[in-house]
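# Chain and residue survey
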Amino acid sequence: MRRTDWLIGAVAGAVLAAGGITAAVASTGDSSGSADSSDAARTPATSSADAGFARDMSVHHQQAVEMSYIVRDRTENEEIRRLAYDIAQTQANQRGMMLGWLDLWELPKVPPGEPMEWMDMAGAPSPGDGSLMPGMATNAEMKRLGRLNGKQAEVYYLRLMTAHHKGGIHMAEGCVERCAVPVEKRLAQGMVESQASEVKLMGDLLRARGAKP
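Read on for an overview of the structure. (Residues numbered from 1 in each chain as written. Predicted model: local features only at pLDDT ≥ 70, side-chain atom pairs only at ≥ 80, totals over all residues. Heavy atoms only, no water.)

## Focus on the pattern of salt bridges
One pass over the structure, following the stated rule, counts 6 salt bridges. A salt bridge links Asp103 to Lys109, with the nearest nitrogen and oxygen atoms 2.4 Å apart. The class for Asp103 is partly exposed, based on a relative accessible area of 47%. Residue Asp204 pairs with Arg207 through a salt bridge whose shortest N-O separation is 2.9 Å. A residue pair is termed a helical-turn pair when its members lie 3 or 4 positions apart in one helix, as Asp204 and Arg207 do in helix 7 (residues 182–208) at 3 residues. Classification of Asp204 by relative accessible area gives partly exposed; the value is 37%. Ionic contacts of the salt-bridge type, sharing partners, join the residues Lys200, Asp204 and Arg207 into one network. (Salt bridge = Lys/Arg side-chain N within 4 Å of Asp/Glu carboxyl O. Buried < 20%, exposed > 50% of the residue type's maximum accessible area, 1.4 Å probe, protein only. Helix = DSSP H or I, 4+ residues; strand = E, 2+ residues; numbered from the N terminus.)

Below you can see the structure in the form of structure tokens.
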């Protein structure tokens, strides 16, 4: 599957997932479907952890999707291409869910302040341009990945994605602790578990290539 076809499939999956999760979140309201004061009370504030996590993790996930697109064009190794495909599909779908929540809550998708304010980490030192949140690659690192091929691209991708996942796990654990919307807390816990498993897998793939995690 070439990149264009794969992108169309990922976007379509994200749209379907967003619709499903929006319905799931909406169903937590009044069973009659009417909007009343109790529904309004359940809508997170724009400064809440729920809104902050949805906004920030959507950006975090988008970079993982981009990184995975890049490596699939830079290697013929089916094991790495499968991993990249799985990560991109999963994170594109989850991103669609989180953007769907923000639409449902009628909250802006762009943070009113700095990234990570909801975890009291606003203004934390960044390793470089493009790295807005924990684990994110810099613009320079993304460009370098796009210049590498074969085994070099595989190793560099695995290292970047390992750091990316570890940062994502940290953010997801923050939502598990701070978020109030049950379905969002469950999604965050699922991210913690699935990404921890992928970190272990990527460590094995790096060692198989004679590289350190």
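## Quick notes on the state of the cysteines
Taken as a whole, this structure holds 1 disulfide when the rule is applied. Two residues, Cys175 and Cys179, share a disulfide whose sulfurs are 2.2 Å apart. Disulfide Cys175 to Cys179: torsion about the S-S bond roughly -120°, handedness left-handed. Both residues of the pair, Cys175 and Cys179, count as buried. (Disulfide = S-S within 2.5 Å.)

## Re the packing of helix 3 (residues 49–74) against helix 4 (residues 78–105)
As a packed pair, helix 3 and helix 4 sit with axes 8 Å apart at the nearest point and diverge in direction by 155°. In this view, helix 3 runs roughly antiparallel relative to helix 4, as classed from their interaxial angle. Handedness of the crossing formed by helix 3 with helix 4: left-handed. Residues belonging to the contact of helix 3 with helix 4 are distributed by class as follows: 17 nonpolar, 6 polar and 5 charged. (Axes fitted to C-alpha atoms, helices over the stretch in contact; angles between N-to-C directions. Parallel < 35°, antiparallel > 145°, perpendicular 65-115°, else oblique. Left-handed = near helix turned anticlockwise from the far one by under 90°. Nonpolar A, V, L, I, M, F, W, Y, C, P; charged D, E, K, R; others polar.)

So far we have only geometry, and geometry alone does not tell us how the molecule works.
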